[in-house]
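Structure at a glance
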Amino acid sequence: MKVRSIILFALCLSLIGCGLGNQNISTIVEIENGSIKGVQEGNLKKYLGIPYAEAPIGDLRWASAKPALNWEGIKSAESNSKICFQPKQMADFYDRVPDINNMSEDCLTLNVWTRAKNADDKLPVMVWFHGGALVWGSGSEYPGDALTKNGVILVTVNYRLGPFGFFSHPELSIETGSSGNQGFSDQIQSLKWVKENISQFGGDPNNITIFGESAGSWSVNVLQASPLAKGLFHKAIGQSGARLIPLTHLNKSTTYSKSAEELGLDWSKVMAGNNNLSLEELKRLPPLTIIRNLEADPLYATQFDSLTVIDGNIIPEDISKIFQRGEQADVPVLIGSTADEATPFDPKMLSPQLASMSYKSLTHLAIADMLPEVDKVIYDLYPIDTEQIAKKSWVDFSTDAMFTAQMQKWGNLMSNVESPAYLYLWNWYPSINGSKEYRAFHAAEVPYIFGNFDVFDIDVSDRDLNFSKVMMEIWTSFAKDGIPSLGTKEWPIFDPKNQRYVLLDEKIEIRDGLRTRKVRLINEAYDRVRNNFED
């Protein structure tokens with residue numbers, strides 16, 4: 001028995017560590033659920049497709065995330081897992097053309113990229129939640145080769161999407177006490193996993209930054225508001241997205257949205273091919289059937305604003321109200337958006353049925369739909385005098401209503417807690433196939449933050465590579481100590497009074513007042529809709 005114990009102890013030391021402070025990190029690591037084997041490339045070690053939650057299949061479809069099950073032996077973490085089921089992407093500009101054969105409901109995995117040598121290195125940890133409107137995307141699209149050279153550990157996460165990750169239903173609410181927001185439940189479970197396991201990869205469980213772009217930034221905003229995520233992270237970076245607009249309620253209809261349960265019943269019929277099925281029957285539908293039926297409905301991919309639900313659990317009430325009372329996680333935030341977010345979203349390109357409409361009509365419809373109670377003076381700020389002017393106004397209004405105003409409101413609401421907010425506007429124009437026509441478009445910053453230019457067909461120059469190094473330094477410096485580094489300059493803390501922000505461009509500048517009049521008008525209109533419902 002004594003000899004066997006000595007052998008096991010020696011094996012533990014040589015292969016997987018036993019939590020000893022000076023233990024070298026090898027490709028084989030022992031985590032809470034068992035042993036995994038990753039891949040080493042130079043001093044970079046990556047562990048891919050690690051389960052952080054039990055597979056949400058069968059009766060667990062639409063259940064809240066549960067901890068991963070233990071396994072015997074050594075599980076391979078040498079390649080990415082399958083991605084979560086998702087329909088075809090609407091916009092060709094953002095379409096990664098994922099293979100339907102590489103999709104599964106058993107997709108709740110994460111990837112760890114680390115250059116730590118020892119388990120006690122305590123490197124800052126950055127946990128990335130991908131974008132894609134809560135309908136598309138995967139964590140495996142974002143490699144950590146470059147970012148980790150800046151002294152951080154990167155974790156990228158898969159979470160349930162669309163009909164599998166954001167689905168409410170009256171029967172499901174009775175069964176579990178609530179429904180919807182399953183993808184946010186996954187994200188919270190992934191953070192619990194990071195907290196419990198990241199020290200085995202040389203990470204500091206007390207220095208975790210969550211960050212994300214677009215729907216990933218929505219997620220960061222939700223997680224900062226959710227009582228279920230408190231204590232699981234210490235800093236937050238939001239890139240182009242917040243859920244501070246009026247939200248869908250679980251079982252109450254509003255002037256701007258059906259209840260989530262009503263919407264769930266509508267989508268249940270679509271998922272079932274125009275049949276009325278019970279919840280139990282819906283759980284037995286093949287996932288590919290659900291995806292194909294939803295792809296046939298042109299409205300599904302436009303309903304992403306209704307996917308984030310005030311469920312009384314993960315999101316106990318309107319997120320802006322949580323922030324107004326200072327009940328969000330009191331952590332530093334780095335937040336911002338790009339200058340020309342909506343340039344790739346031309347409605348005539350995304351929806352062929354709108355091709356015959358004028359941009360005057362489209363801009364008027366966008367304003368009336370998003371801000372039904374906005375002051376008419378808004379047309380002074382977004383004029384529609386001619387088609388050319390109206391087209392520009394459509395881009396400018398969509399950019400500001402969906403992104404600029406939301407990020408600035410996030411900054412304003414941080415004044416209710418002690419931790420600082422730092423605001424940026426990204427104004428770098430990537431060249432794509434020889435053209436800069438999209439200017440600083442939605443997600444333009446992502447390749448620069450990761451130092452990876454495989455997306456968007458960017459014409460990469462030395463200027464781009466150098467700018468990327470500056471951006472990675474800003475993001476990772478914030479992850480290290482909560483203060484974004486500008487070299488010799490000091491990044492000003494955002495204050496609602498002077499609204500100072502940093503313009504991220506070839507020349508980095510500190511400025512005051514970002515589209516102040518437009519932002520105020522938009523946020524006041526959103527608040528009016530919310531307050532009228534509450535009254």
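Read on for an overview of the structure. (Residues numbered from 1 in each chain as written. Predicted model: local features only at pLDDT ≥ 70, side-chain atom pairs only at ≥ 80, totals over all residues. Heavy atoms only, no water.)

1. What about the side chain of H249?
- Tracing the chain through its elements places H249 in strand β13 (residues 248-249).
- Once residues within four sequence positions are removed from consideration, H249 is found in contact with T254, Y256, S259, A260, V309, I310 and F533. (Helix = DSSP H or I, 4+ residues; strand = E, 2+ residues; numbered from the N terminus. Contact = heavy atoms within 4.5 Å.)

2. Some thoughts on the sheet that holds strand β1 (residues 28-31)
- Sheet architecture is open: 3 strands sit in the order β1-β2-β5, paired in mixed fashion. The open sheet has two free edges, formed respectively by β1 and β5 (74-76), since each of these has just one partner strand. This sheet shows a mean twist of 35° between the axes of neighbouring strands, independent of strand direction.
- Bridging between β1 and strand β2 (residues 34-37) involves 4 bridges; their strand directions are antiparallel. Bridging across to β2, V29 finds its partner in I36. (Pairing = 2+ DSSP bridges. Axes fitted to C-alpha atoms, helices over the stretch in contact; angles between N-to-C directions.)

3. With respect to the environment of Y429
- With respect to the helices and strands, the residue Y429 is situated in the loop between β16 (421-426) and α14 (446-450).
- Overall, Y429 belongs to the partly exposed group, its relative accessible area being 31%.
- Excluding residues within four positions of it along the chain, Y429 makes contact with D340, K436, R439 and A440. (Buried < 20%, exposed > 50% of the residue type's maximum accessible area, 1.4 Å probe, protein only.)

4. Here's the deal with the sheet that holds strand β10 (residues 153-157)
- Across the sheet, which stays open at both edges, the 11 strands sit in the order β3-β4-β8-β10-β9-β11-β12-β15-β16-β19-β20 with mixed pairing between neighbours. What marks the edges here is a single partner per strand, and that holds for β3 (39-41) and β20 (509-512). The average angle at which neighbouring strand axes cross in this sheet is 20°, direction not considered.
- Strand direction decides the pairing type here: strand β15 (residues 333-338) and β16, joined by 6 bridges, are parallel. Bridge assignment links I335 to a residue of β16, and that residue is L423.
- The strands touched by helix α4 (residues 182-197) are β4 (44-51), β8 (109-114), β9 (123-129), β10 and β11 (203-213); relative to β9, the strand with the most contacts, the crossing angle is about 165°.
- Against the sheet, helix α15 (residues 462-481) makes contact with β9, β11, β12 (235-239), β15, β16 and β19 (500-504), and its axis sits at roughly 145° relative to β12, the strand it touches most.

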